[in-house]
Amino acid sequence: MTRRRGRGMVAVAVAAALSVAAAEAAFAKKRKGEDEETAPVESFAARVAKLERATGLLTFHLDRESGQVWLELPAPQEGDGGVVGDYLYVEGLVTGLGSNPVGLDRGQLGGQRLVRLRRLGGRLLVEELNLGFRADSSDPAERLATRQSFATAVLWAGKIEVSAPDGRSLVDLTPFLVRDAHGVAATLKRQSQGKFELDPERSAVDLDACLAFPDNLVFEALLTWSGEPEGPEVPSTSPDPHTFSLLLRHSLVRLPDDGYQPRVFDPRAGSFAIFFHDYAAPLTDTIERRWIVRHRLRTAPDAEPALVYYVDPGIPEPVRSAVVEGVGWWADAFAEAGFPGAFRVELLPEGVHPLDVRYNVVQWVHRATRGWSYGGGVVDPRTGERIKGHVSLGSLRVRQDRRIFEGLLGADATGSGAPDDPVELSLARIRQLAAHEVGHTLGLAHNFAASTYGRASVMDYPAPLVGLGEGDELDVSAAYAVGVGAWDRFAIRYAYAELPPENERVELAAMVETALAEGLVMLTDPDARPPGASHPAASLWDNGADPVEQLALDMEVRRRALARFGPGNLPAGEPLARLEEVLATLYLRHRYQLEAAVKVVGGVEYRYAVRGDGQPPVAAIDADRQRAALAGVLATVEPAALDLPDAVLAALPPRPFGHGRSREQFAGGTAPLFDPLAAATTAAELAVSGLLQRERAARLVDQNRRDPGLPGLEEVLSSLVEETFAAAEEATPRRREIARAVQALVARRIGDLAADEESSAAVRARAEAALAALAERLQGAPGEGAEAAHRAFLRREIDRRLERPLPAAPPAGAERPAPPGSPIGGGWGECSMGTVPEGGS
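Given the structure is predicted, the values throughout are model-derived calculations rather than measurements.

(A) Molecular detail of unusual backbone geometry. Put simply, Glu-317 and Pro-318 share a cis peptide bond, and its omega is 5°. Checked against the element boundaries, Pro-318 lands in the loop between β18 (307-311) and α7 (319-328). For the bond from Ala-671 to Pro-672, the omega torsion is 10°, close enough to zero to count as cis. The residue Pro-672 is located in the loop between α19 (646-650) and α20 (676-691) in this model. Despite not being glycine, Ser-192 shows a phi value in the positive range, around 60°. By the secondary structure assignment, Ser-192 is in the loop between α5 (184-190) and β10 (194-198).

Okay, here's the thing in structure tokens:
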């Protein structure tokens, strides 16, 4: 990539020759049949003579007095229906709301659209072309038939104000720029944060931020929304709860030339893809087409391949150096793919604008709370070619990782540079995060199976690998892997290796077969993120080939760390009440490995198999593994595992003056003090709701129907009831109230499953039978005092459920939600397989 400096080639023309203006005015009069006595008509030249001129991909003019942007349109192409030209249109946010749950972040790009600028009837139409349905054919009639069979979409239309004799014209682009193109109001409504509307009177184009580059135009507008908030996010991030303003960016981008060769998508090879229907496909072939997303490494046959990523100099040290190092890991993968020295990392040079489409940028993003990082950019939706890579790294993530390690190891070593320094460990994680997000811009999707065969990819979500040292010590010497893994190297080879066009498909197929033989398999977001996901290898923030063994290890790590938790887990000078946020990361540290273990129960193993590739068929996980997983999951809700030492509770004072509550704390009912019973219930919820999840319950019914040796839903329900009620009988007096809280939770969640109208009749029947059996058990059970009152309460609750089932409760402990987990907020949708793929971590 050739480096070109400057904020854009902005040329300002302050005066035009009066003789030219007069001549054009006379020409215009003559065309209209006017004489010298007729009122003067302002010519094109006279109009633009009053304006500032900016020249790049197209020319535009700025009117400082009125705040308008005038786009200068070239003459339409001859005989082409008034078409001025085709461009990529990209919109996005320059500034963010600062709320991770809402997701309106600094540097966030919207979708890429192929738009056609067309002059029709004295108006400019911005028309989005329909790329979902095409005819990839050299026959013009075949292409026309397909094009005319499907709708386009006119995004905006504006009046042509004045034209020049040579066919050029001016249109006021300001209304196009001052609109909610990013769907901000719709996003807030969808997130239940209120009804807001764009206020045009408090919105304007920022003329100083309208830039012209050789390959793209950039326009920015300060937009203001007003309305009534319904949730906490706008009031907590805007100085006025009823109003907030964001900078919105619009870009027109030059379409790449025809020199890029698309590459076929293979679900086993790990790339994002664009998707369309090709109506020119032979009858022997499917009309579905998928091409991977990737950069073009050569701009000409004899050019040296180069791919440069520029890192935001606004990232502070030592994080900046860690980011540069992590991004640079990809150089090894490209060298193995046949491009030694082609991948480079540099700091963004002074004077280079990060919005220039010629530059791939890693940007630093601040939010009020920790949140996702993203890797995306600009993609040519016609071919899948990545035109610009753009990464947004959330600045609070590295601080959250430091907090996690201070919860595990203590804060005394923070900043020491020692191997157990939480700062050094968090920098090791930010290296991986930087590599991960750049991997998305290179075209790679998540591979959540890679952590089960040797931490083989930075495209997984890595949990810190913490081992057991001598005595009660913890071993963090291998917390994170270094460099890209075997899967990453294969995925880059598949996407980027230069192959002879006539033999490309054969060589790609052979490449995939070799990878499969080496055990390099892929599972991604739809396999991992849904609550009912069934494959235990497809999990986030997990480790190891056996999720049940790793869960047991993580529970022991957690036990050791909790045993010595106290003021030493907080940096000096911090209010002790802040320990509660640190405690949440430790108390729930097993949550992700628990999710992986839960997937074994009623679990299914499968691959992205293609006919003839020899991969194993879909198969239920064997009975022994399922029962071992059930026992491991139930062990996490034992009162001894949920109880907190008195020393921990004694170190958690109420919030001091000036320090309000945060989303990182447990909810509870003992305010202002920490509520240990609520925390225990929150942790137990992860296991109980996981086991009783709707789709998992249905799979247990079906698996047992087809193979009676596999555990059925009845077995899981009876085991859950037996273990939690037996635990109360065996618990010490101190822990019996924890056992009762878990029993109440189990009864509620079985009742929810029985009342869940979206569950099958078979699932609901078994859940209702388990609930009736529990009521009978409580009826005849002895007890006195608190125990008798508790059993009587549960029995009445169950009777009410059986007599008149209540609506199902919100899922997963929504009465007292756990502090956020990912990213180490929830939700998934950052990675799609649509027209414009993005990735997040």
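Here the narrative resumes.
(B) Representation of the environment of Arg-696 in the model. Residue placement: Arg-696 occurs in helix α21 (residues 694-706). Overall, Arg-696 belongs to the buried group, its relative accessible area being 2%. With 164 residues separating them in the primary sequence, Arg-696 and Gly-532 have C-alpha atoms 5.8 Å apart. Not counting the four nearest positions on each side in its chain, Arg-696 is found in contact with Pro-531, Gly-532, Ala-533, Val-598, Lys-599, Val-601, Gly-690 and Leu-691. Within the structure, Arg-696 has its side chain in polar contact with the backbone oxygen of Val-598 (distance 3.4 Å). At a separation of 2.7 Å, a polar atom in the side chain of Arg-696 contacts the main-chain carbonyl oxygen of Gly-690.

(C) Structural context of the packing of aromatic side chains. Under the counting rule described, the total for this entry stands at 20 aromatic pairs. With centroids separated by 5.5 Å and ring planes inclined at 10°, the aromatic side chains of Phe-334 and Phe-343 adopt a geometry described as stacked. For the residue pair Phe-334 and Phe-343, the accessibility class agrees, reading buried in each case. Ring pairing ties together the aromatic residues Tyr-309, Phe-334, Phe-343 and Tyr-496, which thus form one cluster.

(D) Focus on the pattern of salt bridges. Inspection of every chain in the model, using the stated rule, returns 53 salt bridges. For the salt bridge of Arg-290 with Glu-288, the shortest nitrogen-to-oxygen distance reads 3.2 Å. Close ionic contact of Arg-655 with Glu-581 constitutes a salt bridge, the shortest N to O distance being 2.9 Å. Of this pair, Arg-655 sits in the loop between α19 and α20 while Glu-581 sits in helix α15 (residues 579-587), placing them 74 residues apart in sequence. For Glu-581, a relative accessible area of 3% gives the class buried. Connected through shared salt-bridge partners, Arg-53, Glu-72, Asp-166 and Arg-168 make up one network.

(E) Just the side chain of Asp-312, in detail. Along the chain, Asp-312 falls in the loop between β18 and α7. We classify Asp-312 as buried; its relative accessible area is 13%. Beyond its immediate sequence surroundings of up to four residues, Asp-312 is in contact with Arg-106, Val-362, Gln-363 and Trp-364.

(F) Up close: the pairing of strand β15 (residues 273-278). Most of β15 is tucked away: five of the six residues are buried. As defined by bridge partners, strand β7 (residues 133-134) adjoins β15 across two bridges and the pair is classed as parallel. Each bridged residue has a counterpart across the sheet, and for Arg-134 the counterpart in β15 is Asp-278. Bridging between β15 and strand β16 (residues 288-292) involves five bridges; their strand directions are antiparallel. Opposite Ile-274, over in β16, you have Trp-291 as the bridge partner.

(G) Quick peek at empty space enclosed by the protein. Its boundaries defined by the atoms lining it, the second largest cavity holds a volume of some 140 Å³. In terms of lining, the second largest cavity is formed by 20 residues, of which the most central are Gln-432, Arg-455, Ser-457, Pro-462 and Ala-481. Residue composition of the lining of the second largest cavity, grouped by class: ten nonpolar, six polar and four charged.

(H) Focus on the layout of surface pockets. In this structure, the second largest pocket spans a volume of roughly 950 Å³. Lining the second largest pocket are 33 residues, with Leu-131, Arg-134, Arg-143, Arg-147 and Arg-382 sitting closest to its centre. Those elements that place two or more of their residues in the lining of the second largest pocket are β4 (83-93), β5 (109-120), β7 and α3 (140-147).

(I) A look at the pairing of strand β2 (residues 59-63). Among the five residues that make up β2, five are buried, leaving the element largely enclosed by the rest of the structure. Residues Thr-59, His-61 and Asp-63 line one face of β2 and the alternating positions Phe-60 and Leu-62 line the opposite face, and both faces are buried. As defined by bridge partners, strand β1 (residues 52-55) adjoins β2 across four bridges and the pair is classed as antiparallel. By the bridge assignment, Arg-53 is partnered in β2 with His-61. Between β1 and β2, which follow one another and run antiparallel, lie three residues. Across five bridges, β2 lies against strand β3 (residues 68-73) in antiparallel orientation. Across the sheet, residue His-61 finds its bridge partner in β3, namely Trp-70.

About the cut-offs
- Residues numbered from 1 in each chain as written.
- Predicted model: local features only at pLDDT ≥ 70, side-chain atom pairs only at ≥ 80, totals over all residues.
- Heavy atoms only, no water.
- Helix = DSSP H or I, 4+ residues; strand = E, 2+ residues; numbered from the N terminus.
- Buried < 20%, exposed > 50% of the residue type's maximum accessible area, 1.4 Å probe, protein only.
- Contact = heavy atoms within 4.5 Å.
- Polar contact = N/O pair within 3.5 Å; in protein donor to acceptor, adjacent residues only side chain to side chain.
- Phe/Tyr/Trp six-rings, centres within 6.5 Å; stacked < 30°, edge-to-face > 60°.
- Salt bridge = Lys/Arg side-chain N within 4 Å of Asp/Glu carboxyl O.
- Pairing = 2+ DSSP bridges.
- 1 Å grid on protein atoms, 1.4 Å probe; cavity = no way out; pocket = protein on both sides within 12 Å on 5 of 7 lines; lining within 4 Å.
- Points joined across faces, edges and corners; volume = space filled by probe spheres on them.
- Nonpolar A, V, L, I, M, F, W, Y, C, P; charged D, E, K, R; others polar.

Keep in mind these values describe shape, not function.
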